[in-house]
Amino acid sequence: MGSDPADPDTDGDGVLDGDEVPGDTDGDGIRDVLDPDDDGDGLPTRDEGTGDADGDGLPNSLDPDSDNDGVADGVDPDPLDPGGARRRAPPAEVGCGCDTPGGAGGGWVLLLVPALLRRSRRATFGCPVPGPSTRP
């Protein structure tokens, strides 16, 4: 089975048949000219586009990890952003409120760090920690 001479993009993936890589990039037995997912990463070639997010010389449509963050495009929450998978908030079931609108998130922890460090330094250097136990 070959490409359709009457259709410049037989598989409808946004890459013209004449620009497709000859052969089968992902080894799934479907030539790229007929394959809607040329690299077999679970994302349609049309959605990945022909840019090169990680600058490795492979177009996103042929690169199973388009942003080179170590997370395959098919499971990466942001396959074109190298930091997207790492910056993603934890799932809601963790219970931190990160994923809920107006949730507390983890930002409050950062506000406590200086106070915790001061308390730790005082304890380490033998200084009294202010509080109910230091009242006369």
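Residues numbered from 1 in each chain as written. Predicted model: local features only at pLDDT ≥ 70, side-chain atom pairs only at ≥ 80, totals over all residues. Heavy atoms only, no water.

Enquirer: Teacher, can you tell me more about the overall build of the protein chain here?
Expert: Scanning the protein chain for helices and strands turns up three helices and zero strands. Order of helices (α) and strands (β) in the protein chain, N terminus to C terminus: α-α-α. Looking at the 136 residues of the protein chain, the share that counts as buried comes to 21%. Here the contacts in the protein chain between residues at least 6 apart in sequence split such that 20% fall between residues at least 24 apart. Counting only carbon and sulfur atoms, one obtains 59% of the accessible surface of the protein chain, whose full area is about 8,800 Å². (Helix = DSSP H or I, 4+ residues; strand = E, 2+ residues; numbered from the N terminus. Buried < 20%, exposed > 50% of the residue type's maximum accessible area, 1.4 Å probe, protein only. Contact = heavy atoms within 4.5 Å. Areas by Shrake-Rupley, 256 points an atom, 1.4 Å probe, with all protein chains shown as cover.)

Enquirer: I'm lost on the environment of Val 15 in this one. Help?
Expert: With respect to the helices, strands and loops of the structure, Val 15 is situated in the segment before α1 (45-48). Overall, Val 15 belongs to the buried group, its relative accessible area being 11%. When the C-alpha positions of Val 15 and Thr 50 are compared, they lie 7.9 Å apart, and in sequence the two are 35 residues distant. Among all residues touching Val 15, those that are not within four sequence positions of it are Asp 9, Glu 20, Thr 45 and Thr 50.

Enquirer: Even after reading the chapter, I still don't get unusual backbone geometry, so can you show me in this structure?
Expert: Residues other than glycine predominantly adopt negative phi, and peptide bonds predominantly adopt the trans conformation. Even without being a glycine, Asn 68 presents a positive backbone phi close to 55 degrees. With respect to the element layout, Asn 68 can be found in the loop between α1 and α2 (84-87). Classification of Asn 68 by relative accessible area gives exposed; the value is 58%.

Enquirer: Would you take a moment to explain the environment of Asp 76 for this structure?
Expert: On the secondary structure map, Asp 76 appears in the loop between α1 and α2. Sequence-wise, Asp 76 and Asp 65 are 11 residues apart; in three dimensions their C-alpha atoms are separated by 8.6 Å.

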